[in-house]
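Read off the chains here:
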Amino acid sequence: MLSLYLRSSRCLKRNPGLESIPQRHSSSSGPSKGSTFNLPRTPPGRLKRYARRTGYLLAGLGTVYVVDKQYNASSIIRNLRTLWTCAVITLDYKWNFTPEKTEFIPQLHERVADRMFDLMTSNGGLYIKIGQAIGANAALLPKPMQVKFASLFDDAPQIPYAVVHDVFVSELGQPPSGPGGVFEIFEENAVASASIAQVHKAKLWPRIGADGQPEKEERWVAVKVQKPDVSIQMEWDLGAYRVVMWMFEHWAFDLPVYFVVDFISDHLRQELDFIREANNARLTAEFVAKEPLLRDKVYIPKVYPEYSTKKVMTAEWIDGVRLSDKPGIFRLMGQPLPETPHSTHGTTIDPLSATLLVGSSPNSHTTPASSLVMPLKPLKGGVKSIMQTMVELFSAQMFEWGWVHCDPHPGNVLVRPRPSDPSKPQLVLIDHGLYVRVPEDFKRDWVRLWRAMLAGDYQGVDAVTRGWGMGLPDLMASFTLMRPTILTKGRKKKEKKEGEQKEEKTLTQYEMSVVMKAKLKEFLTDTDRMPKVLIFLTRNMRMVQGNNQSFGSPVNRIKITGFWASRSAFRDTNLTLNERLKEWYHHLTFRAIMLSLDLVFWKSRFLMWLRDLRVRMHLGGGGAKSMGGFEEELEKTMREFAKDNLGVDVAEGAFAG
């Protein structure tokens, strides 16, 4: 008994809460007076342990946050934000993308678009580049996503001059300016700032002439400085991008999207190497110099390799009017700024238009003013000559050189008087960080595809796309031409049974999304064979289209591009004589088709002039009202001609740009 009592006492000491456990009584009359019913209490020691552990956890998280922000450019926080957002998106689709909730699917797309846009803008940096790449190829995405991705602008706040100073000392071993500095003058405020780098204006030290005296020539340069956080965030961001695309393909959308990850990641890494960018600029300048049709119309600024490293690049400063400065461009060319739906001043732009893709951020942190002193006389050729040169330049890159600039944003194009003939304009192309090389075998197929599309040849387009592991030739033609296209030449017609009528069924939102997903899978039948270079080529063409549209579509972009495609085939020096003769024949046939389009166009212009003459001579024929009707009739005639002679069915307004 004594031993039992001692064991009970020790037990109570170890568990003092047991003292307050209510006592059970055998009597049915209930508990005796004075018995306790208190619930078990948490020991004070345990509360202290919980508080201490919570404090340790919060201190640890705070330390990780501070270290991540100070020394890791907030990469961990950015990636946690990414994974959380994408997990929420995945669950939202899993729970709400159902036939029962079909009427709420538009709101679902809106929520997802908002979350993705907020993620891209919050993280900034490489996320903006990735978002823009998606936006340029978003034709099959829901409308809210197309609108949101198209409105991503690559601008960011400047980094402080103290950070720029540290980059110079680290890269070049000298401060930007001052005694022993790299430059005689270095402007501390950047003239432009984007997600990856910012640009400063500087002046080189004068050269010493043969007489031992400094030369009087002033050499101003543009100095591109990489933001230090970007190189730290790069691999973290690309890793998150890889995980997210895998999640979207296997968990959320069941769509083939992961196959683009390696190709896009490799090319985005290249943008951080400014030595590569300097070499890209040099190579492009060599191509331009060898092309007689472009050598005087296009200029690539000279790069100074002695003042350039992987994170600092120095190039010749060019005074010009940026293409993004539309009032300045029209003033330079002596034309009034038109008030059209294509103008961004006081009018609403179609959110799905390519014009929005090349717009300027309304909240830009740096809006570079045009540095050109306007000439006394306007330049010859008008805006049309500028757009003609732009389309020719990027067509030559795709079909002749196989070396394509992937960011023809209007902020990357300047216009100035041509040094050899100041009465004419010259395009200056800058920002050579992102290029793709077009393989020779793909380039030949690319030419075949364009010829077949413009000839309305269904079988020709189908042969090329099947070789690329892609189906739906009509969809491929629509993507490439950037307009709805139906190819009918050489296409087998489906036999329609007598009396059979196709039922018109209105699809629900869910059914439309399912059909779109099925079409995309049918389009990308074998992603391993699909040429990944198409991702950046379509981005390039979409931006060129946007530039043309933003100025009112003064040139026929498709005709110019098609001409360069056909021309490049017979100029291929690797072909045999017989092959070149065959290509020459195909080129002449193509020119005949294009000439037919020109004849229709100029015939319409002549009839319009004749009608205007009758009005001015008071001979009747209608006024401004009938003129508008005639323009509608002209467009209808062009569309009917394309359908009857080329087998291409295009939508209204398709011939604008």
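Coordinates for the structure precede this section.
Note that this is a predicted model, so its numbers are computed, not measured.

(A) The sheet that holds strand S10 (residues 421-429), seen in detail. A sheet is described by the order of its strands in space; here 4 strands give the open sequence S5-S10-S9-S7, paired in mixed fashion. Looking along the sheet, the strands with just one partner apiece sit at the ends: strand S5 (298-299) and strand S7 (321-322). With 6 bridges joining them, strand S9 (residues 413-418) and S10 adopt antiparallel strand pairing. The residue bridging Pro417 from the neighbouring strand is Pro425, located in S10. The sheet contacts of helix H13 (residues 382-401) involve S5, S9 and S10, and relative to S10 the element is tilted by about 40°.

(B) Quick look at unusual backbone geometry. Within the chain, Ser74 stands out as a residue other than glycine whose phi angle is a positive 60°. Note that Ser74 resides in the loop between helix H2 (44-71) and helix H3 (75-96). At Ser553, a position not held by glycine, the phi torsion is positive, near 55°. Tracing the backbone through its elements, the reader meets Ser553 in the loop between helix H18 (533-550) and helix H19 (557-570).

(C) Local environment of a positive patch on the surface. On the surface, Arg46, Lys48, Arg49, Arg52 and Arg53 cluster together into a patch of positive charge. Tracing the backbone shows Arg46 in helix H2.

(D) Up close: the side chain of Gln226. Tracing the backbone through its elements, the reader meets Gln226 in strand S4 (residues 220-226). Within the structure, the side chain of Gln226 is placed 2.8 Å from the backbone oxygen of Leu272, a separation counted as a polar contact. Residues contacting Gln226, with those up to four places away along its chain left out, are Val167, Ile196, Ala197, Ser231, Leu272, Phe274, Lys310 and Lys311.

(E) Highlighting a nonpolar patch on the surface. There is a patch of nonpolar side chains on the surface, built from Phe606, Leu607, Trp609 and Leu610 and spanning about 390 Å² of accessible area. Assignment of secondary structure puts Leu610 in helix H20 (residues 577-616).

(F) Focus on the nonpolar core. Counting 119 residues, the largest nonpolar core has Leu323, Ile329, Trp446, Trp450 and Trp468 as the members making the most contacts within it. Per-element tally for this core: the top contributor is H13, with 11 residues. What Leu323 contacts, discounting residues up to four positions off in sequence, is Ile329, Ile386, Met387, Met390, Pro410, Val413, Val415, Asn547 and Phe551. With 14 residues, the next largest nonpolar core counts Ile159, Val223, Val225 and Val312 among its residues.

(G) Geometry of the packing of aromatic side chains. Enumeration according to the criterion identifies 19 aromatic pairs in this entry. A centroid spacing of 6.0 Å and a plane angle of 65° characterise the contact between Tyr93 and Phe97, whose relative ring orientation is edge-to-face. Looking at Tyr93, the relative accessible area reads 7%, which means it is buried. When the ring of Trp403 is compared with that of Tyr435, the centres are 4.8 Å apart and the planes differ by 20°; the resulting orientation is stacked. Here Tyr435 lies in strand S11 (residues 435-437) and Trp403 lies in strand S8 (residues 403-405), a separation of 32 residues in the sequence. By relative accessible area, which is 8% here, Trp403 ends up buried.

(H) Broad picture of the pairing of S10. With 2 bridges connecting them, S5 and S10 associate as parallel partners. In the strand pairing of S10, Tyr299 is matched with Val428. Taken together, S9 and the strand that follows it, S10, pair antiparallel across an intervening segment of 2 residues.

(I) Quick peek at helix H10 (residues 274-290). Along its 17 residues, H10 runs 25 Å from first to last C-alpha, staying within 8% of the 24 Å computed at 1.5 Å per residue. Those residues of H10 that fall on the buried side of the exposure criterion are Phe274, Glu277, Ala278, Asn280, Ala281, Leu283, Thr284, Phe287 and Val288. The backbone nitrogen of Ile275 lies 3.1 Å from a side-chain oxygen of the residue at the head of H10, namely Asp273.

(J) Structural view of the packing of H13 against H19. At their nearest, the axes of H13 and H19 sit 9 Å apart, and the two run at 35° to each other. As for how H13 packs across H19, the hand of that crossing is right-handed. The segment H13 lies against H19, with Gln388, Val391, Glu392, Ser395, Ala396, Met398, Phe399 and Glu400 engaging Arg557, Ile560, Thr561, Trp564, Ala565, Arg567 and Ser568.

(K) Broad picture of the pairing of S9. Most of S9 sits inside the fold, with 6 of its 6 residues counted as buried. In this sheet, S9 lies alongside S7 in antiparallel orientation, the contact comprising 2 bridges. Along S9, the bridge assignment pairs Arg322 with Leu414.

(L) Structural context of the pattern of salt bridges. One pass over the full model with this rule turns up 24 salt bridges. Of the charged contacts in the structure, one is a salt bridge between Asp237 and Arg78, with a shortest N-O distance of 2.4 Å. Note that Asp237 is positioned in helix H8 (residues 228-252) and Arg78 in helix H3, a separation of 159 residues in sequence. No difference in accessibility class separates Asp237 from Arg78, as the two residues are buried. Ionic pairing is found between Arg567 and Glu291, a salt bridge with its closest N-O pair at 3.6 Å. One end of the pair, Arg567, is in helix H19; the other, Glu291, is in the loop between H10 and S5, and 276 residues separate them in sequence. Note on accessibility: Arg567 and Glu291 belong to one class, buried. Linked by salt bridges that have partners in common, Asp92, Arg111 and Arg115 make up one network.

About the criteria used
- Residues numbered from 1 in each chain as written.
- Predicted model: local features only at pLDDT ≥ 70, side-chain atom pairs only at ≥ 80, totals over all residues.
- Heavy atoms only, no water.
- Pairing = 2+ DSSP bridges.
- Helix = DSSP H or I, 4+ residues; strand = E, 2+ residues; numbered from the N terminus.
- Contact = heavy atoms within 4.5 Å.
- Axes fitted to C-alpha atoms, helices over the stretch in contact; angles between N-to-C directions.
- Patch = residues over 30% accessible without salt bridge, like charges linked within 9 Å, V, L, I, M, F, W, Y side chains within 5 Å.
- Areas by Shrake-Rupley, 256 points an atom, 1.4 Å probe, with all protein chains shown as cover.
- Salt bridge = Lys/Arg side-chain N within 4 Å of Asp/Glu carboxyl O.
- Lys, Arg positive; Asp, Glu negative; His and termini not counted.
- Charge placed at Lys NZ, Arg CZ, Asp CG, Glu CD.
- Polar contact = N/O pair within 3.5 Å; in protein donor to acceptor, adjacent residues only side chain to side chain.
- Core = buried A, V, L, I, M, F, W, Y, C linked by side-chain atoms within 4.5 Å.
- Buried < 20%, exposed > 50% of the residue type's maximum accessible area, 1.4 Å probe, protein only.
- Phe/Tyr/Trp six-rings, centres within 6.5 Å; stacked < 30°, edge-to-face > 60°.
- Expected span 1.5 Å × (residues − 1).
- Left-handed = near helix turned anticlockwise from the far one by under 90°.

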